[in-house]
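For reference, the chains in residue letters:
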Amino acid sequence: AQSVAQPEDQVNVAEGNPLTVKCTYSVSGNPYLFWYVQYPNRGLQFLLKYITGDNLVKGSYGFEAEFNKSQTSFHLKKPSALVSDSALYFCAVRGSNSNSGYALNFGKGTSLLVTP
Amino acid sequence: GAGVSQTPSNKVTEKGKYVELRCDPISGHTALYWYRQSLGQGPEFLIYFQGTGAADDSGLPNDRFFAVRPEGSVSTLKIQRTERGDSAVYLCASSVGGGGSYEQYFGPGTRLTVT
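This write-up is about the structure you can find in this document. (Residues numbered from 1 in each chain as written. Chains lettered and ligands numbered in written order. Predicted model: local features only at pLDDT ≥ 70, side-chain atom pairs only at ≥ 80, totals over all residues. Heavy atoms only, no water.)

Attention now goes to the overall build of chain A. Helix and strand counts for chain A come out as zero helices and twelve strands. Going from the N terminus to the C terminus, chain A shows its helices and strands as β-β-β-β-β-β-β-β-β-β-β-β. Its C-alpha atoms give chain A a radius of gyration of 14 Å, within 12% of the compact-globule value 13 Å for 116 residues. Principal-axis analysis of the C-alpha atoms places the extent of chain A at approximately 45 × 30 × 25 Å. Burial status across chain A gives 47% buried among its 116 residues. Accessible area for chain A stands at about 5,500 Å²; split by element, carbon and sulfur atoms hold 46% of it. For chain A, the distance from the average site of its 9 positive side-chain charges to the average site of its 7 negative ones is 8 Å. (Helix = DSSP H or I, 4+ residues; strand = E, 2+ residues; numbered from the N terminus. Rg over C-alpha atoms; globule rule 2.2 N^0.38 Å. Buried < 20%, exposed > 50% of the residue type's maximum accessible area, 1.4 Å probe, protein only. Areas by Shrake-Rupley, 256 points an atom, 1.4 Å probe, with all protein chains shown as cover. Lys, Arg positive; Asp, Glu negative; His and termini not counted. Charge placed at Lys NZ, Arg CZ, Asp CG, Glu CD.)

Structure, rendered in structure tokens:
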């Protein structure tokens, strides 16, 4: 089954410092990977995706992610964190079932706290 | 443009009651998904519609849950004889297609509390 793991429940970083939120995946076949962000009392917002091509994917709000096939990872990164980046981040992988429209399988989420 | 909307935003109901949760997808999106998010967890798939038909309802936990999308746009998730374990945030998402390479756009969710 297609799955992702987010090994950190929480990541703390000071404003202005680089941030990394980790995600590893387990799939059969080629992975289709996604990052979403969830602010309190709001739905998930799409940040970026990797389907194929360049291993470094750029997304919304200055975020980027690096696809690493040998390490089966898809870590989310940002060069300089903002306090407003504090939120819950979810990594997801496309499921393998076409009948379900390839519904996403999500990790448990990582809470990012950026302190001033 | 308008995103995915869900109503109500919050629903408190008593155990045993019937509830309906509504989702308005982005106009033109043919694929529609329902997910359920429990506290401290990522969303979990419930049901998928391509057009009007439920292509896959394998994620529905039991036969108390049912969803419809009669005209290929608005969808309603229906829960009969609610139980306290049904308490969660129910998320709806839509996509241009169900091919898997398209990102899904999520609504703000309905927080269901069963007392």
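Opposite the 23 residues of chain A that make contact, chain B presents 23 residues. In this assembly, chain A and chain B are joined by one salt bridge. The interface formed by chain A and chain B contains four residue pairs in polar contact (both at pLDDT 80 or more). Contributions of two or more residues to the side of chain A that touches chain B are made by strand E5 (33-38), strand E6 (44-50), strand E10 (87-94) and strand E11 (104-106) of chain A. When grouped by side-chain class, the residues that make up the side of chain A that touches chain B number eleven nonpolar, eight polar and four charged. (Contact = heavy atoms within 4.5 Å. Salt bridge = Lys/Arg side-chain N within 4 Å of Asp/Glu carboxyl O. Polar contact = N/O pair within 3.5 Å; in protein donor to acceptor, adjacent residues only side chain to side chain. Nonpolar A, V, L, I, M, F, W, Y, C, P; charged D, E, K, R; others polar.)

Quick look at the nonpolar core now. Proteins that are soluble and globular tend to have nonpolar side chains buried together. In terms of nonpolar packing, the biggest core is built from 27 residues, with Trp35, Leu47, Leu48, Phe74, Leu76 and Tyr89 of chain A touching the most fellow members. Among the elements of the structure, strand E2 (10-14), strand E3 (19-21), E5, E6, strand E8 (64-68), strand E9 (73-78), E10 and strand E12 (110-115) of chain A are those that each provide at least two residues to this core. Counting residues per element, this core draws most heavily on E10 of chain A, which supplies four residues. Within the second largest apolar cluster, 20 residues are counted, among which are Leu21, Cys23, Ile26 and Ala88 of chain B. (Core = buried A, V, L, I, M, F, W, Y, C linked by side-chain atoms within 4.5 Å.)

Moving on to the state of the cysteines. Going through the model one piece at a time under the given rule, you end up with two disulfides over all chains. Disulfide pairing places Cys23 of chain A opposite Cys91 of chain A at an S-S distance of 2.0 Å. Looking down the S-S bond of the Cys23 of chain A and Cys91 of chain A bridge, the torsion is -60°, so its handedness is left-handed. Of the two residues, Cys23 of chain A sits in the loop between E3 and strand E4 (24-26) while Cys91 of chain A sits in strand E10, which places them 68 residues apart along the sequence. One disulfide in the model links Cys23 of chain B with Cys92 of chain B; its S-S distance is 1.8 Å. As the torsion about the S-S bond is roughly -60°, the Cys23 of chain B-Cys92 of chain B disulfide counts as left-handed. Pair noted here: Cys23 of chain B is in strand E3 (residues 19-24) and Cys92 of chain B is in strand E9 (residues 88-95), with a separation of 69 residues, a long-range link. Residues Cys23 of chain B and Cys92 of chain B agree in their burial class; the two are buried. (Disulfide = S-S within 2.5 Å.)

Of the voids in this model, the largest pocket is the one considered here, and its volume is about 560 Å³. What lines the largest pocket is a set of 25 residues, and nearest its centre among them are Gln38 of chain A together with Gln37, Leu39, Val89 and Arg111 of chain B. At the level of elements, E10 of chain A together with E9 and strand E11 (110-114) of chain B are the ones that each hand at least two residues to the lining of the largest pocket. (1 Å grid on protein atoms, 1.4 Å probe; cavity = no way out; pocket = protein on both sides within 12 Å on 5 of 7 lines; lining within 4 Å. Points joined across faces, edges and corners; volume = space filled by probe spheres on them.)

Right, let's talk about the side chain of Gln38 of chain A for a bit. In this fold, Gln38 of chain A is placed in strand E5. The exposure class of Gln38 of chain A is buried, given its relative accessible area of 13%. Polar contacts involving the side chain of Gln38 of chain A include one to the side chain of Gln37 of chain B, which spans 3.1 Å. Among all residues touching Gln38 of chain A, those that are not within four sequence positions of it are Gly43, Leu44, Ala87, Leu88 and Phe90 of chain A together with Gln37 of chain B.

A separate point is the pattern of salt bridges. The final tally for this structure, using the stated rule, is seven salt bridges over all chains. A salt bridge links Lys49 of chain A to Glu103 of chain B, with the shortest nitrogen-to-oxygen separation between them at 2.8 Å. Placement of the pair is Lys49 of chain A in strand E6 and Glu103 of chain B in the loop between E9 and strand E10 (105-106), with the two residues belonging to separate chains. Judged by relative accessible area, Lys49 of chain A falls into the partly exposed class, the value being 26%. When its relative accessible area of 17% is taken as the criterion, Glu103 of chain B is described as buried. The shortest N-O distance in the salt bridge between Asp85 of chain A and Lys78 of chain A comes to 2.8 Å. Of the two residues, Asp85 of chain A and Lys78 of chain A, both sit in the buried class. Each of Arg64, Glu83 and Asp86 of chain B takes part in salt bridges that share partners, so that together they form one network.

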